[in-house]
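# Working through the structure, step by step
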Amino acid sequence: MAIFSVYVVNKAGGLIYQYDSYVPRAEAEKTFSYPLDLVLKTHDEKVIVSFGQRDGIRVGHAVLSINGVDVVGKNTAEGKEVVEYLKDSSNYPVSIRFGRARLSSNEKLMLASMFHSLFAIGSQLSPEVGSSGIEVLETDMFKLHCFQTLTGIKFIVLADPRQSGIDALLRKIYEIYSDFALKNPFYSLEMPIRCELFDLNLKSALEVAEKAGNFGPGS
């Protein structure tokens, strides 16, 4: 079981924090000789396959790594531009790992804003006054869990549908937010959270939740 992502959305619908604790599964990895018999293109800061499906590699798959070095956007972690690197015959043979593209920062901002709107719609559709809004969305691959505080901050966790203890985890994240963001004299309300202690404690909480599925007193 796994916890995939954590989002924190302010009361205006802006994404102020996001953390991915799950690495996308590689769909295919293959060693190629020159010239590359796939057509790649840059789309929304990602390098994707536009033509040439083969051996489990599909149109729309993104380049995740080259020779074991992760690709971030359209560049490798070493700063080399992927498309230009693969045009150079001296770089072959080359091992390329493909899989589903990671969401870009802009896509995450957009999706957070969309969920904020859906949450409000959920409250308005309720036949009774005072609905909490959307608390859980379920698919066959993951569950989205949302906890909104009295001040309108939303804590969102994406997890395996079988993962237990998410309600406790959401409240633990709220506690971490209160202790390491709100009490930080350099933090401004509603603004992006950039605090090392918040990061460290959040990652620790996710590890505890994945292993134990819950939080005991004083955890």
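Below: a short report on this structure. (Residues numbered from 1 in each chain as written. Predicted model: local features only at pLDDT ≥ 70, side-chain atom pairs only at ≥ 80, totals over all residues. Heavy atoms only, no water.)

## Looking at helix H3 (residues 166-182)
An ideal rise of 1.5 Å per residue puts 24 Å on 17 residues; H3 measures up with 22 Å between its terminal C-alpha atoms. Three or more residues of H3 are buried, namely Ile-166, Leu-169, Leu-170, Lys-172, Ile-173, Ile-176, Tyr-177 and Ala-181. The arc that holds every buried residue of H3, seen down its axis, measures 160 degrees, which confines them to one face. Summarising the contacts, the buried residues of H3 are in contact with strand E1 (3-9), strand E11 (143-148), strand E12 (154-159) and helix H4 (196-212). (Helix = DSSP H or I, 4+ residues; strand = E, 2+ residues; numbered from the N terminus. Expected span 1.5 Å × (residues − 1). Buried < 20%, exposed > 50% of the residue type's maximum accessible area, 1.4 Å probe, protein only. Arc of directions from axis to C-beta. Contact = heavy atoms within 4.5 Å.)

## Quick word on the sheet that holds E1
With antiparallel pairing, five strands are arranged side by side in an open sheet as E2-E1-E12-E11-E10. Either end of the sheet is taken by a strand with one partner, and the two such strands are strand E2 (15-20) and strand E10 (136-138). In this sheet, adjacent strand axes meet at a mean angle of 10 degrees when their direction is disregarded. Bridging between E11 and E12 involves six bridges; their strand directions are antiparallel. If you follow Cys-146 over to E12, its bridge partner there is Ile-156. Along the sheet, H3 makes contact with E1, E11 and E12, crossing E12 at roughly 135 degrees. (Pairing = 2+ DSSP bridges. Axes fitted to C-alpha atoms, helices over the stretch in contact; angles between N-to-C directions.)

## A look at helix H2 (residues 105-125)
Relative to the 30 Å expected for 21 residues at 1.5 Å per residue, H2 spans 30 Å between its end C-alpha atoms, a close match to the ideal helical length. Among the structural elements, E1, E2, E10, E11 and E12 are those in contact with the buried residues of H2.

## Points about the side chain of Thr-76
Its place among the elements puts Thr-76 in strand E8 (residues 75-76). Ignoring anything within four residues of it in the chain, the contact list for Thr-76 reads Ile-66, Val-69, Asp-70, Val-71 and Val-82.

## Remarks on the nonpolar core
By size, the foremost hydrophobic cluster in this structure holds 25 residues, and its most contacted members are Ile-3, Phe-155, Val-157, Leu-169, Tyr-177, Ile-193 and Phe-198. No other element matches H3, which puts seven residues into this core. Every residue in contact with Val-157, bar those within four places of it in the chain, is listed here: Ile-3, Ser-5, Val-6, Lys-143, Leu-144, His-145, Ile-166, Leu-169, Leu-170 and Ile-173. Among the nonpolar cores identified, the runner-up in size contains 19 residues, and Phe-32, Leu-40, Ile-57 and Tyr-92 belong to it. (Core = buried A, V, L, I, M, F, W, Y, C linked by side-chain atoms within 4.5 Å.)

## As for the pattern of salt bridges
Inspection of every chain in the model, using the stated rule, returns ten salt bridges. A salt bridge links Glu-107 to Lys-46, with the nearest nitrogen and oxygen atoms 3.2 Å apart. Within this pair, whereas Glu-107 is found in helix H2, its partner Lys-46 is found in strand E5 (residues 46-51), the two being separated by 61 residues in sequence. Classification of Lys-46 by relative accessible area gives buried; the value is 13%. Between Glu-175 and Lys-172 there is a salt bridge, with the nearest N and O atoms lying 3.5 Å from each other. Of this pair, Glu-175 and Lys-172 are both found in helix H3, three residues apart, which corresponds to roughly one turn of the helix. (Salt bridge = Lys/Arg side-chain N within 4 Å of Asp/Glu carboxyl O.)

## Brief notes about the pairing of E11
Relative to E11, E10 runs antiparallel, the two sharing three bridges. Following the sheet pairing, Glu-138 is matched in E11 by Lys-143. In this structure, the hairpin formed by E10 and E11 is closed by a connection of four residues. Taking the residues that link successive antiparallel strands as the turn, the E11-E12 hairpin has five residues, and the phi of Gly-152 there is positive, at about 95 degrees.

Keep in mind these values describe shape, not function.
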